[in-house]
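Inside the fold
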Amino acid sequence: MDGAFGKRLALRRLSDGKGRFALLAADQRPPLYQLVSAARPGISREALGEEVARLKALVVEVLGPLATGVLLDPLHGGLALDRLPRQAGLLLTLEDHRFRETPEGFRLSRPIPRWGVGSAARVGADGVKLLIWYRPDAPEEVRRHQLDLVRRVGQACNRWGQAFILEVLPYPLPGEDKPPALWEEMLRDFADPGLGVDLYKLPYVPGMPSRFSQVLPAPWVLLSGGRDARSFLLALEEALASGARGFLAGRAFWLEALSAYPDWASVREGLEASRSVMKQAVELLAALSPEEVA
């Protein structure tokens, strides 16, 4: 059975089987480290990891039943695996949240140490997600490093029959308030079918959703990017009307609820209330025409 067949099966498990993706992201690390550390100053590194794992498990327990798939990280996601609904596919993240930087501030992504596509496949994942920080105006060696990493992951996913979800984000250099608007150039660099991407995870960029759908060789889904619930739903509605096939989002659904930590009862209560937001997002997907996952 070849890798291409395995990838098709994986995409069906991560979707509703008809090309619509309601994916819950719970792989975030720095925002949760900061949340726990602020609430419990002086917490040990070991205890910090345990608390982050408990938060992720609660998110998956409460919101996971609404998702077609869940994205976790291998560092703190183990406890959440026990809460993963039977019908939900499993995505595991590849990138280390600690990237390298050149003296000028250009970012070089890297995988989590001692972790890779094969590792994810061996623990039963349906696919992997890789975040690439990218600026098309970076030096050639920086751009080549980022694109080569994507290509290697794509090749490994082909071998292991894993779905490959690629997240591409720009970033500001030191002294910049925000990254430059260079999305056309970014699309040019990542629209190569030879990279092996099965699904793109992209932010809401005014005026760009239709271009994403026109240029990219595979479907794309919307990330929440720290938006609040209301603004995320508005962005999702526009993205779906412009060709997006769903969402891969987390903070728009759970960040407000988790801000009640360390009051665990209030965290759970907030997550239960936020189910209505995720239900609205899922209902928006229902209006999309079915598509067979290629």
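See the structure printed just above.
The paragraphs below set out a description of the structure included in this document. Note that this is a predicted model, so its numbers are computed, not measured. (Residues numbered from 1 in each chain as written. Predicted model: local features only at pLDDT ≥ 70, side-chain atom pairs only at ≥ 80, totals over all residues. Heavy atoms only, no water.)

Let us now look at the nonpolar core. Judged by nonpolar contacts, the single largest core of 82 residues is most densely connected at Leu166, Phe190, Phe247, Phe253, Leu258 and Leu271. Within the second largest apolar cluster, 13 residues are counted, among which are Leu23, Ala25, Leu91 and Val221. (Core = buried A, V, L, I, M, F, W, Y, C linked by side-chain atoms within 4.5 Å. Buried < 20%, exposed > 50% of the residue type's maximum accessible area, 1.4 Å probe, protein only.)

Attention shifts here to the pattern of salt bridges. The full count for this structure, using the stated rule, is 23 salt bridges. A salt bridge links Glu61 to Arg83; its shortest N-O distance comes to 2.8 Å. Placement of Glu61 in helix α3 (residues 45–63) and of Arg83 in the loop between α4 (78–81) and β3 (89–93) is noted, with a sequence separation of 22 residues between them. Judged by relative accessible area, Glu61 falls into the partly exposed class, the value being 31%. Measuring nitrogen to oxygen at the nearest pair gives 4.0 Å for the salt bridge that ties Arg151 to Asp192. Of the two residues, Arg151 sits in helix α6 (residues 140–160) while Asp192 sits in the loop between α7 (183–190) and β8 (199–202), which places them 41 residues apart along the sequence. Residue Arg151 is classed as partly exposed on the basis of its relative accessible area, which comes to 29%. According to the relative accessible area criterion, Asp192 is partly exposed, its value standing at 34%. Among the charged side chains, a salt-bridge network with shared partners connects Asp27, Arg29, Glu95, Lys129, Glu167 and Lys201. (Salt bridge = Lys/Arg side-chain N within 4 Å of Asp/Glu carboxyl O. Helix = DSSP H or I, 4+ residues; strand = E, 2+ residues; numbered from the N terminus.)

Empty space within the largest pocket amounts to approximately 850 Å³. Taken together, 39 residues form the lining of the largest pocket, with Trp133, Glu167, Leu169, Gly225 and Arg251 sitting closest to its centre. Residue assignment for the lining of the largest pocket shows that the elements contributing at least two residues are α2 (30–39), β6 (127–133), β7 (163–169) and β10 (246–249). Residue composition of the lining of the largest pocket, by class: 19 nonpolar, seven polar and 13 charged. (1 Å grid on protein atoms, 1.4 Å probe; cavity = no way out; pocket = protein on both sides within 12 Å on 5 of 7 lines; lining within 4 Å. Points joined across faces, edges and corners; volume = space filled by probe spheres on them. Nonpolar A, V, L, I, M, F, W, Y, C, P; charged D, E, K, R; others polar.)

A word on α7. Along α7, the residues that are buried comprise Trp183, Met186, Leu187, Asp189 and Phe190. Looking straight down α7, one finds its buried side chains confined to an arc of 165°; they lie on one side. (Arc of directions from axis to C-beta.)

The tally for this structure, following the rule as stated, stands at one cavity of 30 Å³ or more. Counted as a void, the largest cavity has a volume near 50 Å³. In terms of lining residues, the largest cavity is bounded by Val168, Trp183, Met186, Leu187, Phe190, Tyr200, Leu202 and Leu216. Among the secondary structure elements, those contributing two or more residues to the lining of the largest cavity are α7 and β8. Tallied by class, residues from the lining of the largest cavity come to eight nonpolar, no polar and no charged.

Because side chains alternate across β8, one face comprises the buried residues Leu199 and Lys201, and the other comprises Tyr200 and Leu202, equally buried. Here β7 pairs with β8 via three bridges, running parallel. Of the residues in β8, the one forming a bridge with Leu166 is Tyr200. With α7 bridging β7 and its parallel neighbour β8, the resulting β-α-β unit is right-handed. Relative to strand β9 (residues 220–222), β8 is paired through three bridges, and the arrangement is parallel. Along β9, the bridge assignment pairs Leu202 with Leu222. Once you follow β8 into helix α8 (residues 209–215) and on to β9, the crossover reads as right-handed. (Pairing = 2+ DSSP bridges. Right-handed = clockwise from strand over helix to strand, strands pointing away.)

Attention now moves to unusual backbone geometry. For the bond from Tyr261 to Pro262, the omega torsion is 15°, close enough to zero to count as cis. Inspection of the secondary structure assignment puts Pro262 in the loop between α10 (251–258) and α11 (264–285). Even without being a glycine, Arg114 presents a positive backbone phi close to 60°. In this structure, Arg114 sits in the loop between β5 (107–108) and α5 (117–122).

Turning our attention to the pairing of β7. Burial analysis of β7 places seven of its seven residues in the buried class, which makes it a mostly covered element. Pairing of β6 with β7, which is carried by seven bridges, proceeds in the parallel orientation. Within β7, the residue paired with Gly127 across the bridge is Ala163.

Before going further, it helps to examine the packing of helix α9 (residues 229–241) against α11. Interaxial distance between α9 and α11 falls to 10 Å at its minimum, and their mutual angle equals 5°. With respect to α11, the element α9 is oriented roughly parallel. The residues of α11 that touch α9, namely those facing Ala229, Leu233, Leu236, Glu237 and Leu240, are Val277, Gln280, Ala281, Leu284 and Leu285. Taken together, the residues that form the contact of α9 with α11 break down as eight nonpolar, one polar and one charged. (Axes fitted to C-alpha atoms, helices over the stretch in contact; angles between N-to-C directions. Parallel < 35°, antiparallel > 145°, perpendicular 65-115°, else oblique. Contact = heavy atoms within 4.5 Å.)

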